[in-house]
Amino acid sequence: MDILKNLEEIKKLAHQDIEAIKTTEEFEKVRVKYLGRKSELSLALRSIKDLPIEERREVGFKAQKLKRALEELFLRKLSELNVKGQMSMVSLDITKPGKKIELGHLHPLTKISQEIKNIFISLNFSVVDGPQVEIERYNFDALNIPANHSARDMWDTFWLQSSQKVSSSQLSAASSRLLLRTHTSPVQIRYMESHQPPFQIIAPGTVYRYEATDATHSFQFQQLEGLMVGKNISFANFKYVISVFLEKFFKRKIEFILRPNYYPFVEPGVDVYIKWKNRWLEVAGAGMVHPKVFEAAHYNPREWQGFAFGFGLDRLAMIKYNIPDVRLFYSGDLRFIKQF
Ligand code: DAH
């Protein structure tokens, strides 16, 4: 009977000790203490054979039962310790290198465009928008480039196949044909049709040309249109606005010249060249708005005057950041984009 009491005692103590285990080292000690070869339980099991026959059955049964129960408890404790161990490794390994968080950023052309918008906003210009799928009238006719005029050859055009013509009673079937705008100049007409001068606007956006691509030509690129209309707007106003813009954009004084060039929608028309690393580079077309353009927008050309300009945005970005190939902007190549 002593042995049975002893087993009860072992059971109680073992439960307490197992419960209190915190580490795997402690675990091993406690396990040896209760289940090891020299443990009280093992001794008790070994001594059963010496008991009187009538006690053997009961003691043997209870001792075996306790042994299995303790083994079960130890097993459970062990898995508990393992889970905790893994968790503490995950949350507490302060020697592990941190995970780098990759942040995206804006595309270089988007950045340039925002920078330019801010400069013109600071000069009291408004930023306006127009559609990239344009009708022939806005892209050509209203800009004094009628059908069959040889000036149309200046813009290689992507015409769109469309059974649906833009419905308007004022448009002839021909001038409502759809195309991808070849320049941002049609936004001039759209804006004038719905606003009264005086005003000054810029219209940045994507334009398309049906051309082979090379390092300086892409079939898709960015332009920045400008238009200022008022009672006494002169070419001097244009020169001033351009000089301020170039200086703010390149963050230094920029030498520039204006060379006469023909654009149907201005008279006189010029190209703007800037001096960059001892070379003259063309960055824009510009001029005084042609009376025919004002007429197309239902303005009285005797009453209003204005200047217009069209910058190549990709060109400005290539010059500013020393980029040799315009196609890089549209390649989606991360090695290029990540440099900005
Ligand atoms: N639209 C012209 C082009 O794509 C550029 C241009 C020239 C715009 C003269 C203008 C301008 O507003 O006055 O080549």
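Treat the numbers as computed from the prediction; the structure is a model and nothing was measured. (Residues numbered from 1 in each chain as written. Predicted model: local features only at pLDDT ≥ 70, side-chain atom pairs only at ≥ 80, totals over all residues. Heavy atoms only, no water.)

Structural notes on the overall build of the chain
Phase 1: If you tally the helices and strands in the chain, you get 11 helices and 9 strands.
Phase 2: Along the first, second and third principal axes, the C-alpha atoms of the chain reach 130 × 50 × 40 Å.
Phase 3: Of all 340 residues assigned to the chain, the portion counted as buried reaches 44%.
Phase 4: Within the chain, counting contacts between residues at least 6 apart in sequence, those at least 24 apart form 64% of the total.
Phase 5: Counting every atom, the chain has about 20400 Å² of accessible surface; 53% of that belongs to carbon and sulfur.
Phase 6: Between the averaged position of the 49 positive side-chain charges in the chain and that of its 39 negative side-chain charges there is a distance of 3 Å. (Helix = DSSP H or I, 4+ residues; strand = E, 2+ residues; numbered from the N terminus. Buried < 20%, exposed > 50% of the residue type's maximum accessible area, 1.4 Å probe, protein only. Contact = heavy atoms within 4.5 Å. Areas by Shrake-Rupley, 256 points an atom, 1.4 Å probe, with all protein chains shown as cover. Lys, Arg positive; Asp, Glu negative; His and termini not counted. Charge placed at Lys NZ, Arg CZ, Asp CG, Glu CD.)

Some points on the layout of surface pockets
Phase 1: As a volume, the largest pocket reaches approximately 770 Å³.
Phase 2: Lining the largest pocket are 32 residues, with Arg209, Phe221, Gln223, Glu282 and Gly312 positioned closest to its centre.
Phase 3: Only strand 5 (220–230), strand 7 (266–276), strand 8 (279–289), strand 9 (305–312) and helix 10 (313–321) provide two or more residues apiece to the lining of the largest pocket.
Phase 4: In the lining of the largest pocket, the residues fall into 14 nonpolar, 11 polar and 7 charged.
Phase 5: Counted as a void, the second largest pocket has a volume near 240 Å³.
Phase 6: Taken together, Thr216, Trp276, Lys277, Arg279, Leu281, Arg315, Met318, Ile319, Asn322, Ile323 and Pro324 make up the full set of residues lining the second largest pocket.
Phase 7: For the lining of the second largest pocket, the elements supplying multiple residues, two or more each, are strand 8 and helix 10.
Phase 8: Looking at which element gives the most residues to the lining of the second largest pocket, the answer is helix 10, with 3 residues.
Phase 9: Broken down by class, the residue content of the lining of the second largest pocket amounts to 6 nonpolar, 2 polar and 3 charged. (1 Å grid on protein atoms, 1.4 Å probe; cavity = no way out; pocket = protein on both sides within 12 Å on 5 of 7 lines; lining within 4 Å. Points joined across faces, edges and corners; volume = space filled by probe spheres on them. Nonpolar A, V, L, I, M, F, W, Y, C, P; charged D, E, K, R; others polar.)

Let's talk about helix 8 (residues 235–250)
Phase 1: Counted at 1.5 Å a residue, the expected span for helix 8 with its 16 residues is 22 Å, and the 22 Å between its end C-alpha atoms agrees.
Phase 2: Listing the buried residues of helix 8 in full gives Phe238, Val241, Ile242, Val244, Phe245, Leu246, Phe249 and Phe250.
Phase 3: Those residues of helix 8 that are buried lie in contact with helix 5 (108–122), strand 6 (256–260), strand 7, strand 8, strand 9 and helix 10.
Phase 4: One side-chain oxygen of the residue at the start of helix 8 lies 3.2 Å from the amide nitrogen of alanine 236, identifying that residue as serine 234. (Expected span 1.5 Å × (residues − 1). Polar contact = N/O pair within 3.5 Å; in protein donor to acceptor, adjacent residues only side chain to side chain.)

Concerning the site of the ligand
Phase 1: By nearness alone, 16 residues border the ligand, and His183, Ser185, Arg209, Gln223 and Glu225 come closest of all.
Phase 2: Histidine 183 has a polar side-chain atom sitting 2.9 Å from a nitrogen atom of the ligand.
Phase 3: Within the side chain of glutamine 188, a nitrogen or oxygen atom sits 3.3 Å from an oxygen atom of the ligand.
Phase 4: Protein chains shield 93% of the accessible area of the ligand, which is 350 Å² for the free molecule.
Phase 5: More than half of the atoms belonging to the ligand lie within 2 Å of the grid points that define the largest pocket.
Phase 6: For the shell around the ligand, the secondary structure elements donating two or more residues are strand 5, strand 8 and strand 9.
Phase 7: Residues belonging to the shell around the ligand are distributed by class as follows: 7 nonpolar, 7 polar and 2 charged. (Near = heavy atom within 4 Å. Sits in = over half its atoms within 2 Å of the grid points.)

Details of the side chain of glutamine 188
Phase 1: One can find glutamine 188 in helix 7 (residues 186–194).
Phase 2: Glutamine 188 sits in the buried class, given a relative accessible area of 3%.
Phase 3: At 2.6 Å, the side chain of glutamine 188 forms a polar contact with the side chain of glutamate 225.
Phase 4: Leave out the neighbours within four places in its chain, and glutamine 188 touches Glu225, Gly226, Leu227 and Ala308.

Some points on the domain arrangement of the chain
Phase 1: Splitting the chain by domain gives domain 1 (2–89) and domain 2 (108–337).
Phase 2: Using only C-alpha atoms to locate each centre, domain 1 and domain 2 end up separated by 89 Å. (Domains from an automatic or database assignment.)

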